[in-house]
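# Working through the structure, step by step
The chain contents come next:
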Amino acid sequence: MAEPFHTIKKPSFESPNQPFDSTLKHIYLTFDDGPLNGTANCIIICEREKVAASFFQIGLHQSRSSKGRKLYEQIKSNPSLFSLSNHSYSHAYGKYMWFYQHPDSATLDFLKGQAVLAPTNNLVRFPGNNAWDTKDAKKASWLVKPLAHKMDSLGWDVIGWDMEWRFNKYGKPMQSPETIALLVDSLFEHNQTKTKNHLVILMHDHMFASSADSIKLEKMVGLLKKRKHYQFDKITQYPGLKNALN
Ligand SMILES: [Zn+2]
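Along every chain, residues carry numbers that run from 1 in the direction the sequence is written. Predicted model: local features are reported for residues with pLDDT of at least 70 only, side-chain atom pairs are reported and counted for 80 or more only, and whole-chain, interface and lining totals are derived from all residues. Only hydrogens and water are removed before side-chain values are computed, so all heavy atoms of the structure are retained for them.

On to the overall build of the protein chain, then. The helix and strand inventory of the protein chain stands at eight helices and 10 strands. Should any heavy atoms of two residues lie within 4.5 Å, those residues are counted as being in contact. Taking as baseline every contact in the protein chain between residues at least 6 positions apart, the subset at least 24 positions apart corresponds to 77%. Only DSSP runs of H or I reaching four residues or more are called helices, and only runs of E reaching two or more are called strands; each is numbered from the N terminus.

Moving on: the confidence of the model for the protein chain. Mean pLDDT over the protein chain stands at 92; residues scoring 70 or higher make up 90%. Taken as a whole, residues 1–16 scores under 50 in pLDDT and shows 28 contacts with residues more than four places along the chain or in a different chain. Every residue carries a pLDDT, the predictor's confidence in it, which falls somewhere between 0 and 100.

What follows is about the packing of helix H7 (residues 177–189) against helix H8 (residues 211–226). Comment: axis = line fitted to C-alpha atoms, over the contacting stretch for helices; angle = value between 0 and 180 degrees taken between N-to-C directions. Put simply, H7 and H8 touch, their axes get as near as 8 Å, and they point 35° apart. Between H7 and H8 the crossing geometry is right-handed. Here Pro177, Glu178, Ile180, Ala181 and Val184 of H7 come into contact with H8, specifically with Lys216, Lys219, Met220, Leu223 and Leu224. Each residue receives one of three labels: charged for Asp, Glu, Lys and Arg, nonpolar for Ala, Val, Leu, Ile, Met, Phe, Trp, Tyr, Cys and Pro, and polar for the others, Gly being one of them. Tallied by class, the residues present in the contact of H7 with H8 amount to seven nonpolar, no polar and three charged. Two helices that cross are described as forming a left-handed crossing if the nearer one is turned anticlockwise from the farther one by less than a right angle, and a right-handed crossing if clockwise.

The bond known as a disulfide is covalent and runs between the sulfur atoms of two cysteines. The criterion for a disulfide is a pair of cysteine sulfur atoms lying within 2.5 Å. This model, assessed by the stated rule, comprises zero disulfides. Here Cys42 is not cross-linked by a disulfide; its sulfur's nearest cysteine counterpart is in Cys46, at 6.6 Å. Remark: exposure states derive from per-residue accessible area (1.4 Å probe, protein chains only) relative to the maximum for the residue type, with buried under 20%, exposed over 50%, and partly exposed in between. Since its relative accessible area comes to 0%, Cys42 is described here as buried. Judged by relative accessible area, Cys46 falls into the buried class, the value being 0%.

Attention shifts here to the packing of aromatic side chains. Under the pairing criterion, centres of Phe, Tyr and Trp rings, with the six-membered ring standing for Trp, must be within 6.5 Å; the plane angle then separates stacked pairs below 30 degrees from edge-to-face pairs above 60, leaving the rest tilted. Applying the stated criterion across every chain, the model contains 12 aromatic pairs. One aromatic cluster is present, formed by Phe31, Phe55, Phe82, Trp165 and Phe208 through successive ring pairs. A positively charged side chain is recorded as over a ring if its NZ (Lys) or CZ (Arg) lies within 6 Å of the ring centre. The angle to the ring normal must also be within 35 degrees. The ring of Tyr89 carries the charged tip of Lys112 above its face, separated from the ring centre by 4.0 Å. For Arg125, the ring lying beneath its charged end belongs to Phe56, and the centroid distance is 4.4 Å.

To continue, consider the coordination of the zinc ion. Counted as donors are the N, O and S atoms within 2.8 Å of the metal, or 3.2 Å for Na, K and Ca, while water is not among the atoms, so some sites may look incomplete. For the zinc ion, the full set of protein donor atoms is Asp33 (OD), His87 (NE2) and His91 (NE2), at a range of 2.1 Å. Donor residues for the zinc ion sit on one chain with the sequence pattern D-x53-H-x3-H. Of the two residues, Asp33 sits in the loop between strand E1 (25–32) and helix H1 (39–49) while His87 sits in the loop between strand E3 (82–86) and helix H4 (96–101), which places them 54 residues apart along the sequence. Using a relative accessible area of 12% as the deciding quantity, one classes Asp33 as buried.

All right, on to helix H5 (residues 103–117) then. The span you would expect from a helix comes to 1.5 Å times its residue count less one. Its 15 residues place the ends of H5 20 Å apart at the C-alpha level, agreeing with the 21 Å of an ideal helix rising 1.5 Å per residue. Among the residues of H5, Pro103, Ala106, Thr107, Asp109, Phe110, Gly113, Gln114 and Leu117 are the ones counted as buried. The buried side chains of H5 occupy one side of the element, clustering within an arc of 155° when seen end-on. Exposed and oriented more than 90 degrees from the buried face of H5 are Asp104, Leu108 and Ala115. Taken from the residues just after H5, Ala118 is the one with a positive phi, measuring 45°. Relevant arc is that of directions from the helix axis to the C-beta atoms, nothing else.

As a further point, take the nonpolar core. Nonpolar cores are built from buried Ala, Val, Leu, Ile, Met, Phe, Trp, Tyr and Cys residues. Side-chain atoms within 4.5 Å join them into one set. Judged by nonpolar contacts, the single largest core of 36 residues is most densely connected at Leu29, Phe31, Met203 and Leu217. The residues touching Phe31, leaving out its near neighbours within four places in the chain, are Cys42, Cys46, Ala53, Ser54, Phe55, Phe56, Met203, Asp205, Phe208 and Leu217. Judged by nonpolar contacts, the second largest core, of 15 residues, contains Phe110, Leu143, Leu147 and Trp156.

Counted residue by residue, E1 has seven buried out of eight residues, so it is predominantly covered. In this structure, E1 lies alongside strand E10 (residues 230–232), joined through three bridges in parallel fashion. Across the sheet, Lys25 pairs through a bridge with Tyr230, a residue of E10. In this sheet, strand E9 (residues 198–204) lies alongside E1 in parallel orientation, the contact comprising seven bridges. Across the sheet, Leu29 pairs through a bridge with Ile201, a residue of E9. Direction of pairing for E1 relative to strand E2 (residues 53–57): parallel, over a ladder of three bridges. Two strands are counted as paired when DSSP detects at least two bridges linking them.

Next comes the structure, spelled out in structure tokens:
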């Protein structure tokens, strides 16, 4: 099969701009399921706070409206701060069992997502499932293992998460910003992340659609920024990826 991806050199931690510091704790803010209502606030807050963030987008949400495409373009236009990756074309249309039981058609769905979203990396996140498949990080339940193997053989990295800022039935953040910041501290302190000193937070764009809820995101980011040795990175900077891409 032809190589579907470009090979771009990954930024080195030993570059003059980013000296290697083993005491650093790396935080990856990841926003799923956009473009949606809420995506604009995620963009504005991360730009205002100057923190890196990663968007796992759904091809269908990008392509169905001009508003979706505009938000997508906004993210793509700031590659120094943001990375954009494939979260499938259809998000399995919510039928996760069927999706994962048919890895060939699931792969086609991701290829369609890749064609629509045109990311400059080969990172994917599975819909509704916390699976990992990088060079160093592996995690897949029996249900998603066939798809994870297929993705691996095609050279894709599957990215999961270490903790989630969950949402309630109204799509709003369940925990307070303070609780989330303390959970980050605790996971680092007890070395309960997939990769030591690297922590991936899952959030969903729609959680921050209202101004009251977007203030919570800004508060949480502000609390983490105050911690010594915490640094925000794009998910493309996560260690142990199969292909060095940005
Ligand atoms: Zn999702």
